[in-house]
2 protein chains.
Amino acid sequence: MSQPIHLKNAGLKSTLPRLKVLNLFENGDERHLSAEDVYKKLLGSGDDVGLATVYRVLTQFEQAGLLVRHHFEGDKSVFELNQGKHHDHIVCIQCDRVEEFYDATIESRQRKIAAERGFSVQDHSLNIYANCTKLKCPNKRI
Amino acid sequence: MSQPIHLKNAGLKSTLPRLKVLNLFENGDERHLSAEDVYKKLLGSGDDVGLATVYRVLTQFEQAGLLVRHHFEGDKSVFELNQGKHHDHIVCIQCDRVEEFYDATIESRQRKIAAERGFSVQDHSLNIYANCTKLKCPNKRI
DNA sequence: ATAGGAATGATTATCATTATCGTATATGTT
DNA sequence: AACATATACGATAATGATAATCATTCCTAT
Ligand SMILES: [Mn+2]
Ligand SMILES: [Mn+2]
Ligand SMILES: [Zn+2]
Ligand SMILES: [Zn+2]
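Everything numeric here is computed off the predicted structure, so don't read it as measured data.

Rules used throughout
- Residues numbered from 1 in each chain as written.
- Chains lettered and ligands numbered in written order.
- Predicted model: local features only at pLDDT ≥ 70, side-chain atom pairs only at ≥ 80, totals over all residues.
- Heavy atoms only, no water.
- Pairing = 2+ DSSP bridges.
- Helix = DSSP H or I, 4+ residues; strand = E, 2+ residues; numbered from the N terminus.
- Contact = heavy atoms within 4.5 Å.
- Axes fitted to C-alpha atoms, helices over the stretch in contact; angles between N-to-C directions.
- Domains from an automatic or database assignment.
- Buried area = accessible area lost by both parts, 1.4 Å probe.
- Salt bridge = Lys/Arg side-chain N within 4 Å of Asp/Glu carboxyl O.
- Polar contact = N/O pair within 3.5 Å; in protein donor to acceptor, adjacent residues only side chain to side chain.
- Nonpolar A, V, L, I, M, F, W, Y, C, P; charged D, E, K, R; others polar.
- Donors = N, O, S within 2.8 Å, 3.2 Å for Na, K, Ca; no water.
- Tetrahedral: all angles 85-135°; square planar, octahedral: opposite > 155°, others 65-115°.
- Least-squares fit on C-alpha atoms with pLDDT ≥ 70 in both.
- Core = buried A, V, L, I, M, F, W, Y, C linked by side-chain atoms within 4.5 Å.
- Buried < 20%, exposed > 50% of the residue type's maximum accessible area, 1.4 Å probe, protein only.
- Near = heavy atom within 4 Å.
- Parallel < 35°, antiparallel > 145°, perpendicular 65-115°, else oblique.
- Left-handed = near helix turned anticlockwise from the far one by under 90°.

**Student:** How should I be thinking about the sheet that holds strand β3 (residues 78–81) of chain B in this particular structure?
**Tutor:** The strands making up a sheet associate through backbone hydrogen bonding, with each pair oriented either parallel or antiparallel. All names here are of chain B. Within the open sheet, the three strands sit side by side as β1-β3-β2. Their pairing is antiparallel. Lying at the two open borders of the sheet, with one neighbouring strand each, are β1 (33–34) and β2 (67–70). Of the strand pairs in this sheet, β2 and β3 are connected by four bridges, and their pairing is antiparallel. Within β3, the position partnered with valine 68 by the bridge is glutamate 80. In the packing of helix α3 (residues 51–63) onto the sheet, the strands contacted are β2 and β3, and the crossing angle to β2 comes to about 110 degrees.

Structure (structure tokens):
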């Protein structure tokens, strides 16, 4: 757990919709949420914000460095709290559950490979799409 | 170079639009093409096909295993000829040029990481977004 | 050459996301 | 606390990529 984020420090006015969205990521049960996920969760808890605002806020939070955006194969973006530590993802094909991992070997190999070809890495995304072999897969939905 | 692909063998009727699209991938100068790229290239060479057909054919080719689809950060899908050998990509942020690489260590590490967590890898995508440090970057456009 | 099913292409629909714009609100100042 | 004003909100329209429709055209087997 890290210290609560203050929107002010991020250069963002502290508004109700922003606080609600931020709260979802800080205290919600899911780390990785799409705009639609956020919108529905807020509606579900009575806190209604406009869908346009959700999209706007997510993008603002991303630009402010509060959130990180991912593209997990498919059309919609997924966001998660930026805890400062880069990691990659395993996405379950059956239930969409997301598990995180970090592998120093993979990371350094990437840098090496890029360097050998005359590139300096700016960013990268590594997503593993897999099936649960263990029976912990509750099946369906993130 | 591999032997020319016969649509018949892929269970696909041999039609003009399909042959034109296939030809672009087999004899064109770009390995990685979006639907729009394909559409514009065909229009440019006088071979006009409908945009709907382009999308349909690309999806069919993907399902038939002739093409592989990638999602290089951003909204549009990119396709390339399936030459049977898996590889990952470095995408230049400045010119969108795509370079391919394969690293056995990274590949096996992925499998190991997934296995340790009870997953069996079905697929994965690893894209490195980087800047050319060498001056070979002609800047802009795939 | 013919027939019948599949493919094409113009168009419309869909889905995620962004842009508009009039109204509401946060925050610094009286 | 009431104000002023820049900003943010939210309903809705617009956009861009891709999928679905459907009447017409084209392969391919007879
Ligand atoms: Mn994560
Ligand atoms: Mn490739
Ligand atoms: Zn990584
Ligand atoms: Zn790989």
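**Student:** Is there a simple way to explain the domain arrangement of chain A in this structure?
**Tutor:** Bring the parts together and some accessible area is lost; that lost area is often taken as the interface size. Residue and element names in this part refer to chain A. The domain architecture assigned to chain A consists of domain 1 (1–84) and domain 2 (85–134). Taken over C-alpha atoms, the centre of domain 1 sits 23 Å from the centre of domain 2. On the domain 2 side, the residues contacting the nine residues of domain 1 number nine residues. The contact between domain 1 and domain 2 buries some 700 Å² in all, and 55% of this surface belongs to carbon and sulfur atoms. For domain 1, the biggest contributors to the area lost against domain 2 are His32, Phe72 and Gln83; these three give 59% of the whole. At the surface where domain 1 touches domain 2, the tally comes to one salt bridge. Between arginine 31 and glutamate 100 there is a salt bridge, with the nearest N and O atoms lying 3.0 Å from each other. Taken together, the links from domain 1 to domain 2 amount to seven residue pairs in polar contact (both at pLDDT 80 or more). A class-by-class count of the residues in the side of domain 1 that touches domain 2 yields one nonpolar, five polar and three charged.

**Student:** Would you explain the coordination of the manganese ion (ligand 2) in this entry?
**Tutor:** Ideal values for angles at a metal depend on the geometry: 109.5 degrees with four tetrahedral donors, 90 or 180 degrees with six octahedral donors. Residues and elements named next belong to chain B. Ligation of the manganese ion (ligand 2) by protein atoms is provided by His32 (NE2), Glu80 (OE), Glu80 (OE), His87 (NE2), His89 (NE2) and Glu100 (OE), these donors lying 2.1 to 2.4 Å from the ion. For the manganese ion (ligand 2), the six donor atoms in the first shell make angles of 55 to 170 degrees at the metal, a pattern classed as irregular. All donors of the manganese ion (ligand 2) belong to a single chain; written as a sequence motif, their spacing is H-x47-E-x6-H-x1-H-x10-E. Separated by 55 residues along the polypeptide, histidine 32 in the loop between α1 (16–27) and β1 and histidine 87 in the loop between β3 and β4 (88–92) bring together distant segments of the chain.

**Student:** Help me understand the relation of the copies chain B and chain A, please; the structure alone is not making it clear to me.
**Tutor:** Copy one and copy two of the chain differ by a rotation about an axis and a translation along that axis. Overlaying chain B with chain A gives an RMSD of 0.1 Å, the required rotation being 180 degrees about an axis along which the chain moves by 0.0 Å. Expressed as a symmetry operation, the mapping of one chain copy onto the other fits a two-fold axis. Rotation axis and chain B: the residue whose C-alpha lies nearest the axis is Leu126(B), separated from it by 2.2 Å. Both copies present the same face, since 100% of the interface residues in chain B are matched by interface residues at the equivalent positions in chain A.

**Student:** What is the right way to read the nonpolar core from this model?
**Tutor:** One broad rule of soluble globular proteins: the nonpolar side chains tend to lie buried together. The biggest cluster of nonpolar side chains holds 26 residues, and the ones touching the most others in it are Ile90(A), Phe101(A), Phe119(A), Ile90(B), Phe101(B) and Phe119(B). For this core, the secondary-structure elements that each account for two or more residues are β4 (88–92), α4 (104–116) and β6 (119–132) of chain A together with β4, α4 (104–116) and β6 (119–132) of chain B.

**Student:** Whenever I open this one, the protein's contact with DNA strand D confuses me. Can you help?
**Tutor:** Among the 20 residues in the neighbourhood of DNA strand D, the closest are listed as Lys13(A), Thr15(A), Arg56(A), Lys8(B) and Tyr55(B). For DNA strand D, the backbone makes up 73% of the atoms found within 4 Å of the protein, where backbone means sugar plus phosphate. With respect to DNA strand D, the side chain of Lys13(A) contributes an N or O atom lying 2.8 Å from a sugar or linking oxygen. Here the surface near DNA strand D is composed, by residue class, of six nonpolar, five polar and nine charged.

**Student:** Would you take a moment to explain the packing of helix α1 (residues 16–27) of chain A against helix α3 (residues 51–63) of chain A for this structure?
**Tutor:** Two packed helices can be described by the angle between their axes and the distance between those axes. Residue and element names in this part refer to chain A. Contact geometry of α1 with α3 gives a least axis separation of 10 Å together with a crossing angle of 65 degrees. Our classification of the angle between α1 and α3 gives roughly perpendicular. The interaxial crossing formed by α1 with α3 has right-handed handedness. Residues Pro17, Arg18, Val21, Leu22 and Phe25 of α1 touch α3, and the partners they reach there are Thr53, Val57, Leu58, Gln60 and Phe61.

**Student:** Honestly, the environment of Asp75(B) in this entry has me stumped. Any pointers?
**Tutor:** Position of Asp75(B) relative to the elements: it lies in the loop between β2 and β3. Along the sequence, Asp75(B) and Ile90(B) sit 15 residues apart, while their C-alpha atoms lie 18 Å from each other.

**Student:** Sorry if this is basic, but what is going on with unusual backbone geometry here?
**Tutor:** For residues other than glycine, phi is negative in most cases, and the peptide bonds are mostly trans. With a phi angle near 45 degrees, Glu73(A) is a residue other than glycine that sits in the positive phi range. Positionally, Glu73(A) belongs in the loop between β2 (67–70) and β3 (78–81).

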